[in-house]
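# Inside the fold
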Amino acid sequence: MSAEHLHDLTLTVNGVPHPVSVPARRLLSDALRHDIGLTGTHVGCEHGVCGCCTVLLDGQPVRSCLMFAVSARGHEITTVEGLAGPGGELNAVQRAFQECHGLQCGFCTPGFLMTVTALLAENPSPTEDEVVEGISGNLCRCTGYQNIVASVHRAAALMTDGAGEPRP
Amino acid sequence: MSKIDPEAVAEQAAETGQLSEGDEGTDRNVGAPRPRKEDAKLITGQTNWTDNIQLPGMLHMAIVRSPMAHARITRVDVSAAKQQPGVVAAYSGADLADEYTGLPCAWPVTADMVSPTHLPIATDKVRYVGDAVAVVVARDRYAAADALESVDVEYEPLPAVVDMEQALRDEVLVHDDAGTNRCFTWPFSGGDVEQAFAEADVVVKRRFLQQRLIPTAIEPRAVVVAPIAAADEYTLYSATQIPHILRLLVAGVTGIPEHKLRVVAPDVGGGFGSKLNVYAEEAIALVVARRLGRPLKWTESRSEGYQATIHGRDQIQDLELAATGDGRLLGFKVDLKADMGAYLQLVTPGVPILGAFMFPAIYKMDAYSFSCTGVFTTKTPTDAYRGAGRPEATFAIERMMDELAAELGMDPIELRRRNWITHEEFPYETVAGLTYDSGNYEAATDKAESAFGYAELRAEQKQRRESGDPVQLGIGISTYTEMCGLAPSRVLGSLSYGAGGWETASIRMLPSGKVEVVTGTSPHGQGHVTSWSQIAADVLGVPFDDVDVRHGDTAVAHSGLDSYGSRSLVVGGIAVHKAAERVIEKAKRIAAHMLEADEGDVEFADGRFSVRGSPDVSKTIQDVALAVFAAHDMPDGVEPNLDSECTFDPENFSFPHGTHLCAVEVDTETGHVGIRSYVAVDDVGRVVNPMIVEGQVHGGLAQGIAQALFEEAVYDPDGNLVTGSLVDYYVPGAPDLPEFTTDRTETPATSNPLGVKGVGEAGTIASTPAVVNAVVDALRHLGVDDVRMPCSPERVWRAIHRGGGGNGDGRAASAAQVTTSQSVVGGRQ
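Please read these numbers as outputs of a predicted model, since none were measured by experiment. (Residues numbered from 1 in each chain as written. Chains lettered and ligands numbered in written order. Predicted model: local features only at pLDDT ≥ 70, side-chain atom pairs only at ≥ 80, totals over all residues.)

## A few points about the overall build of chain A
Stated precisely, the cut-off is as follows: Put simply, DSSP marks the helices as runs of H or I at least four residues long and the strands as runs of E at least two long, and each gets a number from the N terminus on. Atoms counted for the radius of gyration: C-alpha only. Globule rule: 2.2 Å times residue count to the power 0.38. Three exposure classes are used, all based on how many other C-beta atoms lie within 10 Å of a residue's own C-beta (placed from the backbone): buried at 20 or more, exposed at 12 or fewer, and partly exposed between those limits. With C-beta atoms placed from the backbone, a contact is any residue pair whose C-beta atoms sit within 7 Å.
Along its length, chain A carries 5 helices and 5 strands. Element order for chain A, N to C, with α for helix and β for strand: β-β-α-β-β-β-α-α-α-α. Here chain A has a C-alpha radius of gyration of 16 Å; the compact-globule value for 168 residues is 15 Å, and the two agree. Counting only C-alpha atoms and orienting by the principal axes, one finds that chain A spans roughly 55 × 30 × 25 Å. Taking all 168 residues of chain A together, 60% fall into the buried category. Put simply, of all contacts in chain A between residues at least 6 apart along the chain, 61% involve residues at least 24 apart.

## With respect to the pairing of strand β19 (residues 503-509) of chain B
Residues and elements named next belong to chain B. To be explicit about the condition: Two strands pair under a simple rule: DSSP has to find at least two bridges between them.
Counting buried residues along β19, 6 of its 7 residues qualify, which places the element largely inside the surrounding structure. Sheet topology places β19 next to strand β25 (residues 643-648); 6 bridges connect them, and they run antiparallel. Across the sheet, the residue bridging to A505 is C646, located in β25. Where β19 meets strand β20 (residues 515-519), 5 bridges bridge the pair, whose relative direction is antiparallel. Counted as the bridge partner of M509 is V515 from β20. Following β19, the chain reverses through 5 residues before pairing antiparallel with β20; G513 in that reversal takes a positive phi of roughly 90 degrees.

## Notes on the interface of chain A and chain B
The cut-off we apply is this: Residue type decides the class: Asp, Glu, Lys and Arg count as charged, Ala, Val, Leu, Ile, Met, Phe, Trp, Tyr, Cys and Pro as nonpolar, and the leftover types, Gly among them, as polar.
In this assembly, 50 residues from chain A lie in contact with 43 residues from chain B. For the side of chain A that touches chain B, the secondary structure elements donating two or more residues are α2 (92-99), α3 (109-122), α4 (128-134) and α5 (146-160) of chain A. Among the elements that line the side of chain A that touches chain B, the one with the most residues is α5(A), at 8 residues. Taken together, the residues that form the side of chain A that touches chain B break down as 27 nonpolar, 17 polar and 6 charged.

## Thoughts on the environment of G102(B)
Residue and element names in this part refer to chain B. Within the secondary structure, G102 is located in the loop between α4 (93-96) and β4 (125-126). Classification of G102 by C-beta neighbours within 10 Å gives partly exposed; the count is 16. In sequence terms G102 and V250 are 148 residues apart; their C-alpha atoms lie 10.0 Å from each other. When residues no more than four places from it in sequence are discounted, the contact partners of G102 are T117, H118 and L119.

## Topic: the nonpolar core
For clarity, the threshold we go by: Any set of buried Ala, Val, Leu, Ile, Met, Phe, Trp, Tyr and Cys residues joined through C-beta atoms within 7 Å is what this text calls a nonpolar core. Where each domain starts and ends follows an automatic or database-derived domain assignment.
In this structure, A134(B), V136(B), A536(B) and V775(B) are the most contacted members of the largest nonpolar core, which totals 319 residues. For this core, the domains that each give at least three residues are domain 1 (6-82) and domain 2 (92-160) of chain A. Apart from the residues within four sequence positions on either side, V136(B) is in contact with A62(B), V64(B), A81(B), V87(B), A90(B), A144(B), A147(B), L148(B) and V151(B).

## Focus: the sheet that holds strand β26 (residues 657-667) of chain B
All names here are of chain B. Short version of the rule: For helices, the axis comes from a line fit to the C-alpha atoms of the stretch in contact; other axes are also lines fit to C-alpha atoms, and the angle between any two N-to-C directions lies between 0 and 180 degrees.
A sheet is described by the order of its strands in space; here 4 strands give the open sequence β18-β26-β27-β28, paired in mixed fashion. Each end of this open sheet is capped by a strand with a single partner; those strands are β18 (471-481) and β28 (740-744). On average, each strand axis in the sheet is inclined to that of its neighbour by 10 degrees, with strand direction left out of account. For β18 and β26, the ladder comprises 11 bridges, and the chain directions are antiparallel. Directly across from Q472, in β26, lies its bridge partner V666. In the packing of helix α15 (residues 454-467) onto the sheet, the strands contacted are β18 and β26, and the crossing angle to β18 comes to about 145 degrees.

## Digging into the domain arrangement of chain A
Residues and elements named next belong to chain A. What the domain assignment lists for chain A is domain 1 (6-82) and domain 2 (92-160). Look at where the C-alpha atoms of domain 1 and domain 2 centre, and you get two points 22 Å apart. Domain 1 puts 16 residues into the contact, and the matching count from domain 2 is 12 residues. For the side of domain 1 that touches domain 2, the elements supplying multiple residues, two or more each, are β3 (54-57) and β4 (60-63). The residue inventory of the side of domain 1 that touches domain 2, partitioned by class, reads 8 nonpolar, 8 polar and no charged.

## So, the environment of D777(B)
Residues and elements named next belong to chain B. Within the element layout of this structure, D777 appears in helix α21 (residues 762-779). Here the alpha-carbon distance between D777 and R399, two residues 378 residues apart in the chain, equals 11 Å. Leaving out residues up to four positions away in the same chain, D777 has contacts with G474, I475 and G476.

## Considerations on the environment of M61(B)
Residue and element names in this part refer to chain B. Here M61 lies in strand β1 (residues 59-65). Overall, the presence of 24 C-beta atoms within 10 Å leaves M61 in the buried class. C-alpha of M61 to C-alpha of Y730: the two residues are 669 residues apart in sequence and 29 Å apart in space. Residue contacts for M61: discarding those within four places in its chain leaves V135, V137, A144, A285, V288, L296, K297 and W298.

## Considerations on the packing of α2(A) against α3(A)
Residue and element names in this part refer to chain A. Rule in force here: By definition in this entry, angles of less than 35 degrees are roughly parallel, angles greater than 145 are roughly antiparallel, angles of 65 to 115 are roughly perpendicular, and the rest are oblique. Crossings are classed by handedness, with left-handed meaning an anticlockwise turn of the near helix from the far one by less than a right angle and right-handed meaning a clockwise turn.
Where α2 contacts α3, the two axes come as close as 9 Å, and the packing angle between them is 125 degrees. Put simply, α2 runs oblique to α3. When you trace α2 past α3, the crossing you get is right-handed. Contact residues: α2 offers V93, Q94 and F97, while α3 offers T109, L113, V116, T117 and L120. For the contact of α2 with α3, the class distribution of residues is 5 nonpolar, 3 polar and no charged.

## Focus: the confidence of the model for chain B
All names here are of chain B. The test is simple: Confidence of the predictor at the level of single residues is given by pLDDT, which spans 0 to 100.
Counting all residues, the mean pLDDT for chain B is 94, and 93% of those residues have values of 70 or more. With pLDDT under 50 throughout, residues 13-26 is counted as low confidence; its partners more than four residues away or in other chains account for 22 contacts. Taken as a whole, residues 806-829 scores under 50 in pLDDT and shows 55 contacts with residues more than four places along the chain or in a different chain. Confidence metrics for the complex model read pTM 0.94 and ipTM 0.96.

## Concerning the packing of helix α18 (residues 568-594) of chain B against helix α19 (residues 621-630) of chain B
Residues and elements named next belong to chain B. Interhelical geometry of α18 versus α19 gives an angle of 85 degrees and a closest axis separation of 10 Å. Classified by the angle their axes make, α18 and α19 are roughly perpendicular. In contact with A587, I590, A591 and M594 of α18, α19 contributes I621, V624, A627 and V628. The residue inventory of the contact of α18 with α19, partitioned by class, reads 8 nonpolar, no polar and no charged.

If you want it as structure tokens, here you go:
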């Protein structure tokens, strides 16, 4: 078997262009973590169920373990490392998760933060049912979700108060 | 405190922000909902998981696993794999057999226990789907995975044995040399059981099944080994709960001297017992790195982990409860079969034994007998999963209490009231020989009943039954206690456990007055950095933010016994408290010297040493720390440091308790169960951080409810794991779980100076029987007296339409005498 053909491309992550050289089958999650070194995106199942690897592609949440890096060419990728502002100030969702104890071990947390950031960008004041439905594609084994649901409502309140920008 | 209210959070955030700036008061941190120090890096993606680690020249390991549950290995040929692109090495089990011994089981529960050799890579037979048979090492993970297919393994298939009762017939032997699949039988009793049963007016007899569960820590396991070949030194990074125990034991397995092996548990993403082990991959990675002299990494895929990381529960429980006609308990007989799986992992046989002491629970009874038989099957090994033995015990007694209440026509809370230990009776020695130090079951139950609206819900239930509503209401009760805080070393010794139960903490006062706490506990989500900071800050009188906590690295914390069994606070936290007290004790001598006062006249409060009667003459703890660093004027014979250490060995277990009430709505037409309300009142003694405690309760409830309603590891008759991925194994998501109403009573533990009790497992232990009791209660008037877990719509529907347990015959008689309504174990569906 000959060596795999490598594709040279540029991935734009959190506004920064990253040139990478990857085989066609390289998962976006692996490219982010191991080629670019942005290890805030986590891999919990590699079969698209747990949601730990959720990133935003042009603002929409996608599972980076179900996507090839080469397919992300030309798109704007946002990861957890891109949520805080340029001075390190946390976005509303990050603040809310801390205030409401919406995380314990924290492994699922970046996936939730990305999902909720996109959810609130689309629906700034979700109902209880909309929150529960909105996070139903992410699994957490530590919290029982109650404080995550509270975190989403808190983030919505922070954004309404103008205390946090619904970045991106 | 039932639900986090965003407005209250805003106030609290403002308030705690102020507190953390200038809080120097004693006892002002313990009890406060301090925001977690851990969170900043977790919410910004700056964590250091094992799989993040990249080392120069690092190789990647992948493991060839058996696709068969039971087979003789006739040939393993790795030569083709070695020719694959990027492959550096490949080894069969035989190739590495001289590099290590078998993996350890630290809990030989009986002298005659069968403890089979458990090589990290199988050489003669494979014994479960997922058993390792070869290893491939390549330059990247993709290449290693590709090459697995090029390893040629020939098997001679043997019959699988997945059912414990079938295994006990010894027709198929998992371990040929043992001559039996019976691993051990462990008997235990207190009081005269036969006498108790002879005197009984009522005996309730049931068989309950504890289904097999998969812990599913959300971070997969991962291992990185960094060798320094020239010095024969190794660093093992592992997603483990037990870096210290792992260091000692894997050193023994690989022959690496303990002092040449450093074990690091970097950030670890959940454990629940699944990372409380010495795993094959840790040993394989070490010996392969030793051979190759190169760093290497292995990270499990989720499906791989579902086969190769331990499972939990899996018991058959045969139970008989004897009582008088007016509902006084007389005796309890417990006969267990516990599935070990194919091999013994670290504490596999000890798990049901931990439960042995908890079947009598909070109740007074004259006699108790217990027997457990451990059984080998061709399935993934079981081991500790959140609660480890106590959820099984609590389920058994709490389900039996509801069955007895039904038998007697008595309210299930009233039955419990008639039998529980009253608060005046503590300390209380149970029929199982434990001494419960404190508790107040009346207070917790009163609070729970009130929050739940028990009387109103009973009235609604009556109305729905009378009207024949297709959606029936059920109420489930669980008045639990559990033993945790593992553990007094002497007790562990008497149970033949291979280690003690102490914990070590060190305090290092830095010259600037900042504080480093080093703990032997190894957190993986529990927030020890925050809670230990609260404890140390209060004793030392320093601001919360001036304390940092170091953990999870044997080069930093040289001594420790790690985190499991809800032990970290009640053993490790107390060690922090005592070590901090030792700092103050020494600092007081030095302060007295600085103040030119007699030590007996020096008082310490709010971070300040002062002379009694002259509060203006004082030195702060920071003044003393700096003076010690300079060491220009120390008292004679006093060493110039303000460091201290404490190794705390508890005198007793910790016995949290509480009352959980669950209301379910069961659709009798579809079998769907919906939790309408859930009230948990827990008594975990004095609380260090109520926010963290509540989070632990929530997460525990989620896992206990998941056992009741959703999760089951299913094997087919050939030993294939049918639920081999997160697609098939139902870990609940947000829509599956109810909103919990939580509250507390606070009865301080008397067995430690802070009055604290463990909380990590309580929610899981309490909730499973509360939910199943509710499901059965909803359907009892339809002739249902059990529903096998998980209470899926299908099982519930079948139970309604057949009566009984949803998996067998319905109850034949309702007379108050011996009833034998057992759910028959057929093939596992």
